[in-house]
Amino acid sequence: MSRFRRISFIACLFTLSLQHVSAVDIADIRIPEEAILEDGTELKLNGAGVLKKFFMKIYIGALYLPQRLSNAEQILGTEQHNRVALHILYKELSRENIATALHKSFENNLSATEFNELTDEISLFLDSLPHRIIKGDTVSIDYQPGSGTTISINGKLRGVVDGKFFNRALLAIWLGENSVSPALKAALLDIHKQYSE
């Protein structure tokens, strides 16, 4: 086998391997390889990983996009269908604690002007949260261009927030320069890092 054919063969095997690592078990949770939004759009698992705080596993975050991308700025700068799925691992998270953490994340990733312009949208999003989220719950945050961002808990719709700029601000919580976790950000951007906990 010539060197060129050998390289081509290896490249082909590598490409095939990528197609089969899109679903994985993390912390005993099976992360689906695809997500289908309400309008029928099919999304692919881009990456997934665990958010840890003080050595405690809080949730598994999974990012779904129309096609896999590894550049955070490109994802944030492109209006496209997307889903962020959060599989809760911690025993119980109160609405107050979640809202406080999210509010801080919005502030950390937005300028003062941007934050003020999105005050109503952020409040609407936080108001959609339940009084508590417990271990085993799944939070789905879906964006459909023209329809806004929907928030569902275990498949039950909790709220809808309009606007592409809000969705960008929301994604920045996990993908922004001041993301909630550099390790989780890396996992969401690289399918091969999704095994990391």
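Scroll up a little and you will see the structure.
Reference entry: report on the structure contained in this document. (Residues numbered from 1 in each chain as written. Predicted model: local features only at pLDDT ≥ 70, side-chain atom pairs only at ≥ 80, totals over all residues. Heavy atoms only, no water.)

1. A closer look at the layout of surface pockets
In step 1: The computed volume of the largest pocket comes to approximately 720 Å³.
In step 2: Residue lining of the largest pocket: 30 residues in total, with Leu 51, Tyr 59, Asn 97, Ile 98 and Ala 101 positioned closest to the centre.
In step 3: Elements with a minimum of two residues in the lining of the largest pocket: β4 (42–53), β5 (56–65), β6 (82–88), β7 (92–94), α3 (95–109), β9 (138–144) and α6 (164–175).
In step 4: Per-element tally for the lining of the largest pocket: the top contributor is α3, with 8 residues.
In step 5: Each residue belonging to the lining of the largest pocket can be placed in one class, and the counts come to 20 nonpolar, 7 polar and 3 charged.
In step 6: Estimates place the volume of the second largest pocket at around 230 Å³.
In step 7: Taken together, 13 residues form the lining of the second largest pocket, with Glu 73, Leu 76, Arg 168, Gly 176 and Glu 177 sitting closest to its centre.
In step 8: Those elements that place two or more of their residues in the lining of the second largest pocket are α2 (72–76), α3 and α6.
In step 9: Class assignment for the residues of the lining of the second largest pocket results in 4 nonpolar, 4 polar and 5 charged. (1 Å grid on protein atoms, 1.4 Å probe; cavity = no way out; pocket = protein on both sides within 12 Å on 5 of 7 lines; lining within 4 Å. Points joined across faces, edges and corners; volume = space filled by probe spheres on them. Helix = DSSP H or I, 4+ residues; strand = E, 2+ residues; numbered from the N terminus. Nonpolar A, V, L, I, M, F, W, Y, C, P; charged D, E, K, R; others polar.)

2. Some points on the side chain of Ser 179
In step 1: Along the chain, Ser 179 turns up in the loop between α6 and α7 (182–189).
In step 2: We classify Ser 179 as buried; its relative accessible area is 13%.
In step 3: If we skip the residues at most four places from it in the chain, Ser 179 touches Asn 109, Ala 172, Ile 173, Trp 174 and Lys 185. (Buried < 20%, exposed > 50% of the residue type's maximum accessible area, 1.4 Å probe, protein only. Contact = heavy atoms within 4.5 Å.)

3. A few points about the pattern of salt bridges
In step 1: For the structure on display, the rule yields 4 salt bridges.
In step 2: With a shortest N-O distance of 2.6 Å, Asp 142 and Arg 83 are connected by a salt bridge. In this pair, Asp 142 is assigned in strand β9 and Arg 83 in strand β6, connecting sequence segments 59 residues apart.
In step 3: For Asp 142, a relative accessible area of 9% gives the class buried. (Salt bridge = Lys/Arg side-chain N within 4 Å of Asp/Glu carboxyl O.)

4. Overview of the sheet that holds β4
In step 1: Read from one edge to the other, the open sheet built from 7 strands follows the order β3-β4-β5-β6-β9-β10-β11, with strand pairing classed as antiparallel. Here the strands that pair on one side only, and so sit at the sheet edges, are β3 (34–36) and β11 (156–161). Each neighbouring strand pair of the sheet contributes to a mean axis angle of 25°, computed without reference to strand direction.
In step 2: Pairing analysis gives 6 bridges linking β6 to β9, with the strands arranged antiparallel. Looking at β9, one finds that Arg 83 is bridged to Asp 142.
In step 3: Packed on one face of the sheet, α7 meets β4 and β5 and runs near 160° to β4. (Pairing = 2+ DSSP bridges. Axes fitted to C-alpha atoms, helices over the stretch in contact; angles between N-to-C directions.)

5. Considerations on the environment of Ile 29
In step 1: With respect to the helices, strands and loops of the structure, Ile 29 is situated in strand β2 (residues 29–31).
In step 2: Of the residues examined, Ile 29 reaches a relative accessible area of 27% and is grouped as partly exposed.
In step 3: In the structure, Ile 29 is positioned 60 residues away from Leu 89 in sequence and 9.3 Å away in space, judged by C-alpha atoms.

6. Remarks on the nonpolar core
In step 1: Formed by 41 residues in total, the largest nonpolar core has its most connected members in Phe 106, Phe 125 and Trp 174.
In step 2: With 8 residues, the single largest contributor to this core is α6.
In step 3: If sequence neighbours within four positions are ignored, Phe 125 has contacts with Leu 102, Phe 106, Ile 141, Ile 151, Val 161, Phe 166 and Leu 170.
In step 4: In terms of nonpolar packing, the next biggest core, distinct from the first, is built from 14 residues, Val 24, Leu 43, Val 50 and Leu 89 among them. (Core = buried A, V, L, I, M, F, W, Y, C linked by side-chain atoms within 4.5 Å.)

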